[in-house]
Amino acid sequence: MSGRPLDVLEASLEETVTVALKDGGEHTGVLTGYDQHMNLVLENTDAGEDTIVIRGDNVVTINP
């Protein structure tokens, strides 16, 4: 797997990921989409939401 961030996201599509946020929060869900700004779409999240969108500027880490 390449070390470039967007390549890692591409390889993680349709996989469960954990996203750590700047405010100390964390979301786990299935990565179903992203864009060049690293905005993320997660489905079936641990927060009980069907779908959430996370702005890329709030993301600290993404663990596939």
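Residues numbered from 1 in each chain as written. Predicted model: local features only at pLDDT ≥ 70, side-chain atom pairs only at ≥ 80, totals over all residues. Heavy atoms only, no water.

Remarks on the overall build of the chain
The following threshold applies: Secondary structure is summarised from DSSP: a helix means a run of H or I of at least four residues, a strand means a run of E of at least two, and numbering begins at the N terminus for each. We compute the radius of gyration over the C-alpha atoms and compare it with the globule rule, which gives 2.2 Å times the number of residues raised to the power 0.38. For each residue, the accessible area found with a 1.4 Å probe, counting protein chains only, is set against the maximum for its type, and the residue is called buried under 20%, exposed over 50%, and partly exposed in between. Method for areas: the Shrake-Rupley scheme with a 1.4 Å probe, in which residue coverage is limited to the protein chains shown.
Each helix and strand counted, the chain has 1 helix and 5 strands in total. Starting at the N terminus and walking to the C terminus, you meet the elements of the chain as α-β-β-β-β-β. In terms of C-alpha radius of gyration, the chain reaches 11 Å, essentially the compact-globule figure of 11 Å for 64 residues. Taken over the C-alpha atoms alone, the chain extends approximately 30 × 25 × 15 Å along its principal axes. Residues counted as buried form 27% of the 64 residues belonging to the chain. In the form shown here, the chain has an accessible surface area of approximately 4,100 Å², with 46% of it arising from carbon and sulfur atoms.

A word on the pattern of salt bridges
Rule in force here: A side-chain nitrogen of Lys or Arg and a carboxyl oxygen of Asp or Glu constitute a salt bridge if their distance falls within 4 Å.
Within this structure, the stated rule accounts for 2 salt bridges. Here R55 and D57 are joined by a salt bridge, their closest N and O atoms 3.2 Å apart. Accessibility expressed as a relative area gives 54% for R55, which makes it exposed.

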